[in-house]
Amino acid sequence: MKNIEKDIKTNNFKPLYLIYGEEGRQRDGLANKLKSALTEQGAQESTYESIFDPYDLINDANTLSLFGGLRLITVKDSNAFSGAKYEKLIDYFKDPNPDCVIVFNEKKIDKRSRVYKAFAKAGYAVECKKPTAKELRAFVLSLSKQNNLPFETAALESFLSNLDESFGCAENEFNKLAAYTLGKNRITLSDVEAVTTKKLENRIFDLIDTAVGRQPKKALDILSNLILQKESNVAVLVALSRQFRLILQYKFLSKTTPQSEMAKKLGVHPYVASKTAAQSRNFTNRQLLGALADCKNMLKESFSGNIDLTRGIEILILKYSV
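Rules of the game
Residues numbered from 1 in each chain as written. Predicted model: local features only at pLDDT ≥ 70, side-chain atom pairs only at ≥ 80, totals over all residues. Heavy atoms only, no water. Helix = DSSP H or I, 4+ residues; strand = E, 2+ residues; numbered from the N terminus. Rg over C-alpha atoms; globule rule 2.2 N^0.38 Å. Buried < 20%, exposed > 50% of the residue type's maximum accessible area, 1.4 Å probe, protein only. 1 Å grid on protein atoms, 1.4 Å probe; cavity = no way out; pocket = protein on both sides within 12 Å on 5 of 7 lines; lining within 4 Å. Points joined across faces, edges and corners; volume = space filled by probe spheres on them. Nonpolar A, V, L, I, M, F, W, Y, C, P; charged D, E, K, R; others polar. Arc of directions from axis to C-beta. Contact = heavy atoms within 4.5 Å.

Novice: Quick question: what am I supposed to make of the overall build of the protein chain here?
Specialist: Scanning the protein chain from N- to C-terminus turns up 16 helices and five strands. Its C-alpha atoms give the protein chain a radius of gyration of 26 Å, more than 25% over the compact-globule value 20 Å for 322 residues. Over its C-alpha atoms, taken along the principal directions, the protein chain stretches across nearly 80 × 55 × 40 Å. Residues counted as buried form 45% of the 322 residues belonging to the protein chain.

Novice: In this structure, what is going on with the layout of surface pockets? I would like to understand it.
Specialist: Rolled over the atoms, a probe sized like a water molecule indicates the empty space that remains. If you add up the space inside the largest pocket, you get close to 280 Å³. Lining the largest pocket are 14 residues, with Ala133, Leu136, Leu160, Leu163 and His269 sitting closest to its centre. Elements that contribute at least two residues to the lining of the largest pocket include exactly α6 (133-146), α7 (153-161) and α14 (270-280). Of all the elements, α6 adds the most residues to the lining of the largest pocket, at three residues. Of the residues contributing to the lining of the largest pocket, the split by class is seven nonpolar, three polar and four charged.

Novice: Even after reading the chapter, I still don't get helix α1 (residues 2-10), so can you show me in this structure?
Specialist: Within the span of α1, buried status applies to Ile4, Asp7 and Ile8. The buried side chains of α1 occupy one side of the element, clustering within an arc of 100 degrees when seen end-on. Opposite the packed face of α1, turned more than 90 degrees from it, sit the exposed residues Lys2, Lys6 and Lys9. The elements touched by buried residues of α1 are β1 (16-20), α2 (24-40) and β5 (124-127). Of the residues one or two after α1, Asn11 is the one with positive phi, at around 55 degrees.

Novice: Is there a simple way to think about the environment of Glu152 in this case?
Specialist: Topologically, Glu152 is positioned in the loop between α6 and α7. What makes Glu152 partly exposed here is its relative accessible area of 33%. Taking the C-alpha atoms as reference, Glu152 lies 30 Å from Arg245; in sequence the two are 93 residues apart. Aside from chain neighbours lying at most four places away, what touches Glu152 is Arg186, Ile187, Thr188 and Leu189.

As structure tokens, this is what we get:
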């Protein structure tokens with residue numbers, strides 16, 4: 001990334017760039033920076049998206065700019081580095097036109113492919129990885145500061161626990177919060193719970209909370225909403241099983257592990273660890289082992305056609321609501 005920033009600052013561009021990885025916001029940001037720097041210099045732009053004919057791109061790259069100067073070709077989500085179809089690009093990569101800059105913006109690539117190996121010898125590639133929990137927290141806090149909209153502590157932890165590992169997801173969810181809290185001077189936990197899209201695991205928390213809180217109707221309503229929102233019943237059952245297992249692990253670890261280290265030991269967000277701690281008080285070890293066995297048997301029975309899985313999950317919920 002520093003190399004791209006340097007090229008932009010010095011106006012000394014390479015003929016080939018590949019920006020790839022899971023973090024789409026970062027990929028698009030780098031590609032747009034290159035585009036802005038080049039178009040400010042009068043570069044003519046051509047764009048290719050999804051499937052394209054490599055001969056068209058090569059001809060485009062070798063065509064002189066109408067007004068002289070550089071040409072810019074941007075290629076997005078083409079899978080050019082994953083299939084044999086694009087091996088025609090290899091010869092171009094060996095001898096690229098110095099007056100044309102090609103920027104590939106790809107979510108996935110195959111480093112074993114001949115196309116990538118040829119590119120790696122001639123161009124500059126940068127990977128945009130998913131952010132770490134620390135980077136995501138810093139990014140959210142920077143958004144909070146820019147908007148002069150601080151989080152209450154519990155609100156921040158809840159918000160972070162619901163995010164996918166993506167800057168784009170974080171920005172979208174924060175923008176929803178900012179709009180919802182317009183006129184307020186801070187973001188509260190109730191604000192986060194009102195508008196933030198919850199991860200499946202956190203909705204499973206709610207389901208278990210209501211079940212053990214002796215609110216079977218509310219628990220069944222949560223299950224019904226999950227199914228209506230296109231969550232598969234298998235995914236719901238697996239998430240339930242995972243949470244029962246997490247609670248059991250917590251109960252064993254709590255005998256020897258300080259609370260400050262529990263999230264790290266469990267491999268979860270601190271907010272998730274705190275919710276797990278609260279739920280652990282509602283179960284004995286025997287109940288949790290029984291719940292895990294019930295989940296396993298329910299899945300087996302559904303695959304055998306002996307029970308409808310959604311109906312089976314409802315029975316499971318009712319069992320732990322009484």
